[in-house]
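Analysis of the macromolecular model
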Amino acid sequence: FRILEETKETAYLRQRTNESCIIIQGRCIMSVNVRWLGTAGIEISHEGKAILIDPYLSRPGKADILFKPLVANKDAIRRYLNSVNEKVVAVIAGHTHFDHALDIPEIACILGCTIIGSPSLDMLLSLSGLPDRVTVGRPREQISIDDETTITMIPSAHGLALSRFLLLEGDIRRSVIPPLRANQFRMGDMLSPEISFGGLALIHVGSAGYVVKELDGHLCDVLIMCVAGWKKWPAYPEKVIEILKPSCVIPIHYDDFSAPLTPGRKCPVMRSADLEGFCKRVKEIRPDLEVRQIEPFETVSF
């Protein structure tokens, strides 16, 4: 990994120990920790700071998704936030479908951190009584959180796990009244956040699609990849891996997001996602590439 200009020995020890800190020549080298929250949700932490991407803790059931306005589960959100030991410095939404953005207004109410996303996310927070809280991530524009943390929103494309009709393209409309139904959470801009954090470069692909010309010129150490719908987009994941040249791939968004998660138990996997086939394909593309399959709320370190 391209981490803090480490020696091969340091990188090897980091992989072997999987600890948040390792001692090299008497110095404590802090690692970057990645925790999967289920669906596309990711928590990245380093030296007392955390960044959340697409945090989705409420996980309403199928009947609610189909027939009812969706309301954030405040208890689930607070339980999760109480488990975060670091200060959350940014919350990012790659797009504004409900399984990516439903909980962000409630999280923004609780936290005073930077919220980054599209104009559609800005509208969602405005409708929720939180105007002017979103830093709109313009495509390819670098947003600085602090001296060592930057975020760039890479234009992308939504995968085809659903039909085109169900992609719900366009922005969330000003005319809707919260709480929104699932079909009122329009997609907005489809973006893949690139995070430079603690000397590590991570890219989060929250849906199984891509735009070649937008990925060109980007590289990452850790590639966090949506699995659902991976067979339906041509040359995904081959092309994404070929361009971004990661050292590690973390599969996400293959769980049944209408079912609850229990820490310490295996998550409910959607059969249609074919997680096993995805991991096998990744290893065929790059046999040397590490694939870290983790359970929800499990942490891995780099």
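For every chain, the first residue of the written sequence is number 1, and numbering continues from 1 along that sequence. Note on the predicted model: pLDDT of at least 70 is required for a residue's local features to be given, and 80 or more for side-chain atom pairs to be given and counted; whole-chain, interface and lining totals, by contrast, use all residues. The side-chain quantities take in all heavy atoms of the structure and omit both hydrogens and water.

Turning next to the pattern of salt bridges. Any two side chains of opposite charge can pair, on the condition that their charged atoms come close. A pairing counts as a salt bridge when a side-chain nitrogen of Lys or Arg comes within 4 Å of a carboxyl oxygen of Asp or Glu. Evaluated as defined, the whole model comprises 14 salt bridges. Measuring nitrogen to oxygen at the nearest pair gives 3.7 Å for the salt bridge that ties Glu295 to Lys266. A residue pair is termed long-range when its members are at least 10 positions apart, and Glu295 in the loop between strand E15 (290–291) and strand E16 (299–301) and Lys266 in the loop between strand E14 (248–252) and helix H9 (275–285) qualify at 29 residues. Using a 1.4 Å probe on the protein chains alone, a residue whose accessible area is under 20% of its type maximum counts as buried, one over 50% counts as exposed, and one in between counts as partly exposed. Take Lys266: its relative accessible area is 69%, and that puts it in the exposed class. Between Glu290 and Arg292 there is a salt bridge; the shortest N-O distance is 2.7 Å. The class of Glu290 is partly exposed, set by a relative accessible area of 24%. Accessibility expressed as a relative area gives 9% for Arg292, which makes it buried. Salt bridges sharing common partners tie together Lys49, Asp146 and Glu148. Numbered from the N terminus, helices here are DSSP runs of H or I no shorter than four residues, and strands are runs of E no shorter than two.

Every buried residue belonging to helix H6 (residues 119–127) is among Ser120, Leu121, Met123, Leu124 and Leu125, and all of these are buried. In this description, contact between two residues means that some pair of their heavy atoms is separated by no more than 4.5 Å. Its buried side turned inward, H6 meets helix H4 (98–101), helix H5 (104–110), strand E7 (114–117) and strand E8 (134–136). Remark: Gly129 follows H6 within two positions and exhibits a positive phi of approximately 85°.

Aromatic rings from Phe, Tyr and Trp, taking only the six-membered ring of Trp, are treated as a pair when their centres fall within 6.5 Å; an angle between ring planes under 30 degrees marks them as stacked, one over 60 as edge-to-face, and anything in between as tilted. Inspection of the entire model under this criterion finds five aromatic pairs. Their ring planes at 75° and their centres at 5.9 Å tell us that Phe98 and Phe257 sit as a pair that is edge-to-face. In this pair, Phe98 sits in helix H4 while Phe257 sits in the loop between E14 and H9, placing the two residues 159 residues apart along the sequence. Looking at Phe98, the relative accessible area reads 10%, which means it is buried. A network of ring pairs unites the aromatic residues Tyr56, Phe98 and Phe257 as a single cluster. Throughout this description, the term charge over a ring refers to an Arg CZ or Lys NZ atom that lies within 6 Å of the ring centre and within 35 degrees of the ring normal. A cation sits over an aromatic face here: Arg292 above Phe302, 4.5 Å from the ring centre.

With respect to burial, strand E13 (residues 222–226) is a largely interior element, five of its five residues being buried. Here E13 shows two buried faces, one formed by Val222, Ile224 and Cys226 and the other by Leu223 and Met225. Two strands pair if DSSP finds at least two bridges between them. Two elements, strand E12 (residues 200–205) and E13, share four bridges in a ladder whose sense is parallel. Directly across from Leu202, in E13, lies its bridge partner Val222.

Interpretation in functional terms is not warranted from these geometric data alone.
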